[in-house]
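# A closer look at the structure
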Amino acid sequence: MFVKVRFAPSPTGFLHAGNARTAVITWLFCRQQNGHFLLRIDDTDRERSRDECEIAIEEGLTWLGLNWDQKENQKFRLERYNTVIEKLKADGRIYACYETPEELGLKRKTQLNRGVPPTYDRAGLSLTDEQKAKYEEQGRKPHWRFKMDEEAIEWDDLIRGPVKFNPSDLSDPVVLREDGTPLYHLCSVIDDVDFEITHVVRGEDHVSNTATHVQMFKAIHGQFPHFAHLSLIADAEGGKLSKRMGSLSIRDIQNKEGLEPMSVVSLMARLGSSDPIEAFTSVEPLIESFDFSKFSRSTPKFDSEELLRLNAKILHATEFSAVQERLSEMGLQEMDEAFWNAIRPNLEKLENAKEWWDMVHGNVTPIIDAEDKDFTAQASTLLPPAPWDENTFKTWIDQVKEESGRKGKTLFMPIRKALTGMEHGPELPNLMPLLGEEKTKARLNA
Ligand code: GLU
């Protein structure tokens, strides 16, 4: 089967952790199957849709490395939707209803009070032409519902396994607003049919929508695609994703948090699956290992600390060539590969590179405790002649050790504090050649 998938964000908000996860998983599956990825912008809600969000969604996907083979906007397909809608009206599968939102609310309340499920009572179906004409005279405009039939609804979900719905438990969904604009449900199904989508991947919040969609697919096309409903993610405390990183947009994770895209991809690709979450610097192993059957139905926890851990690990494994341009943009044009390799094990975020650059090239205040003053001065006299490389430190420290009689922490720490002004930092053997003779001497004698 030639696989065709779609990712269908509504441009009413930015791309955030939850829908980025859907995008990542849909994309991994698609690329593994050598399929076709459609980016579908669900913008039939003209009031709430914003160009700015559409742009941010595209930028977010691009930043994550998720490309698409085709893009469609629902707002450009209204004519096509109308054609299908007219046909469904003629077939009696879509019918007019005249209740106001208040009336519907009241019906709902009465049903709930009586302890019956609040499904729509289909009053619209039994309206006579005279009654309809009367409503129209009063200035009421109908909204339209899709009439569910009695046939049991079943599908084999790629994540949830066999799913069954009894249509009588479901309200006939509204598919056309009073102002004549079509709603998400039918548009989504028409698109999935027209673009020959073979696999619909989305959040489990859509499961009951899918039940109604199955009947719409059948009414329009006779058959329906495969479905995979991902469990929703919760934050580390198990609550709804509302706080901290979980509610941040991908744009914020990129710009405000300064994280690497592969840390997000690495986490989202494996979260909620039986494969371990690991730091990947490329997507290939994730594409290769992807399998819907590895995903569980339980709610996985999104832990922003985990994202930070992955981010650090990814940086530690990142080649200089992969970050050179971004380092330049940060004003670190002069940083070379040797410098990068020396500092990368000490990075949590790329922005830390600036701190290490300043530690080497800026004005550092060496820390030399009173009892170490003679020691660091003595060490300075033992420095080997230039040029220095990564072996210089060992040659030097062996001699310092012998002459001073110090060892362990009392040997290394005063030197580190004098050279860097800090107690932690990059390995001294890597750092020394970066500092060079002049700075090393000056700092040891500060
Ligand atoms: N626009 C819908 C959403 O964001 C799409 C759901 C779907 O994938 O069909 O939830």
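Our subject is the structure that appears above.
What comes next is a walk through the structure. (Residues numbered from 1 in each chain as written. Predicted model: local features only at pLDDT ≥ 70, side-chain atom pairs only at ≥ 80, totals over all residues. Heavy atoms only, no water.)

## With respect to the pattern of salt bridges
- Enumeration according to the criterion identifies 34 salt bridges in this entry.
- Of the charged contacts in the structure, one is a salt bridge between Arg270 and Asp275, with a shortest N-O distance of 3.8 Å.
- The class for Asp275 is buried, based on a relative accessible area of 18%.
- In this structure, Lys354 engages Asp358 in a salt bridge whose closest nitrogen and oxygen atoms are separated by 3.2 Å. Residue Lys354 and its partner Asp358 are located together in helix α15 (residues 352-361), separated by 4 residues, close to a single helical turn.
- A relative accessible area of 35% means that Lys354 is categorised as partly exposed.
- A relative accessible area of 34% places Asp358 in the partly exposed class.
- Taken together, the shared-partner salt bridges in this structure form one network comprising Arg6, Arg40, Asp42, Arg77, Arg80, Asp191, Asp192 and Asp194. (Salt bridge = Lys/Arg side-chain N within 4 Å of Asp/Glu carboxyl O. Buried < 20%, exposed > 50% of the residue type's maximum accessible area, 1.4 Å probe, protein only. Helix = DSSP H or I, 4+ residues; strand = E, 2+ residues; numbered from the N terminus.)

## A closer look at the environment of Ile55
- Along the polypeptide, Ile55 turns up in helix α2 (residues 51-64).
- According to the relative accessible area criterion, Ile55 is partly exposed, its value standing at 45%.
- When the C-alpha atoms of Ile55 and Ile197 are compared, they prove to be 24 Å apart, with 142 residues separating the residues in sequence.

## So, the packing of helix α17 (residues 392-404) against helix α18 (residues 408-420)
- Contact geometry for α17 and α18: axes closest at 11 Å, N-to-C directions at 120°. In terms of orientation, α17 and α18 fall into the oblique class. Between α17 and α18 lies a crossing of right-handed hand. Judged by residue contacts, Phe393, Trp396, Ile397, Val400, Lys401 and Ser404 of α17 engage Leu411, Phe412 and Ile415 from α18.
- Here the contact of α17 with α18 is built from residues that sort into 7 nonpolar, 1 polar and 1 charged. (Axes fitted to C-alpha atoms, helices over the stretch in contact; angles between N-to-C directions. Parallel < 35°, antiparallel > 145°, perpendicular 65-115°, else oblique. Left-handed = near helix turned anticlockwise from the far one by under 90°. Contact = heavy atoms within 4.5 Å. Nonpolar A, V, L, I, M, F, W, Y, C, P; charged D, E, K, R; others polar.)

## Some points on the environment of Glu437
- With respect to the secondary-structure elements, Glu437 resides in helix α19 (residues 428-444).
- Each C-alpha atom of the pair Glu437 and Leu61 lies 47 Å from the other, and the pair is 376 residues apart in sequence.

## Concerning α18
- Spanning 13 residues, α18 covers 18 Å between terminal C-alpha atoms, matching the ideal 18 Å at 1.5 Å per step.
- At its buried positions, α18 is contacted by α15, α16 (373-381), α17 and α19.
- Looking one or two residues past α18, Gly421 carries a phi angle of roughly 75°, positive in sign. (Expected span 1.5 Å × (residues − 1).)

## Remarks on the side chain of Asp191
- Along the chain, Asp191 turns up in helix α6 (residues 184-194).
- On the basis of relative accessible area, Asp191 is assigned to the buried category, the value being 1%.
- Those residues in contact with Asp191 that sit more than four places away from it in its chain are Arg40, Gln74, Arg77, Tyr81 and Glu196.

## With respect to unusual backbone geometry
- For the bond running from Ala386 to Pro387, omega is 0°, close enough to zero to count as cis.
- Relative to the elements of secondary structure, Pro387 occurs in the loop between α16 and α17.
- Even without being a glycine, Asn34 presents a positive backbone phi close to 50°.
- Along the polypeptide, Asn34 turns up in the loop between α1 (17-32) and β2 (36-41).
- Positive phi, normally seen in glycine, also occurs at Arg122, with a value near 65°.

## Quick word on the sheet that holds strand β8 (residues 174-176)
- Strand order across the open sheet formed by 3 strands is β4-β5-β8, with antiparallel pairing between neighbours. Each edge of the sheet is formed by a strand with only one pairing partner; in this case those strands are β4 (94-97) and β8. Sheet twist, expressed as the average angle between the axes of neighbouring strands with direction ignored, equals 45°.
- Two elements, strand β5 (residues 143-146) and β8, share 2 bridges in a ladder whose sense is antiparallel. Each residue of the ladder has a partner; that of Arg145, found in β8, is Val174. (Pairing = 2+ DSSP bridges.)

## Remarks on the site of the ligand
- Around the ligand sit Arg6, Ala8, Ser10, Arg40, Asp42, Tyr184, Ser188, Arg202 and His206, and those are all the residues in its vicinity.
- Residue Arg6 places a side-chain N or O atom 2.7 Å away from an oxygen atom belonging to the ligand.
- Coverage of the ligand by the protein amounts to 79% of the 290 Å² it exposes when considered alone. (Near = heavy atom within 4 Å. Polar contact = N/O pair within 3.5 Å; in protein donor to acceptor, adjacent residues only side chain to side chain. Areas by Shrake-Rupley, 256 points an atom, 1.4 Å probe, with all protein chains shown as cover.)

## Describing empty space enclosed by the protein
- According to the stated counting rule, one finds 3 cavities of 30 Å³ or more in the structure shown.
- Roughly 60 Å³ of volume is contained in the largest cavity.
- Surrounding the largest cavity, Leu28, Ala269, Arg270, Ser273, Asp275, Leu286, Ser289, Phe290, Asp291, Lys294 and Phe295 form its lining.
- Elements that contribute at least two residues to the lining of the largest cavity include exactly α10 (261-270) and α11 (284-289).
- Partitioned by chemical class, the residues of the lining of the largest cavity number 5 nonpolar, 2 polar and 4 charged. (1 Å grid on protein atoms, 1.4 Å probe; cavity = no way out; pocket = protein on both sides within 12 Å on 5 of 7 lines; lining within 4 Å. Points joined across faces, edges and corners; volume = space filled by probe spheres on them.)

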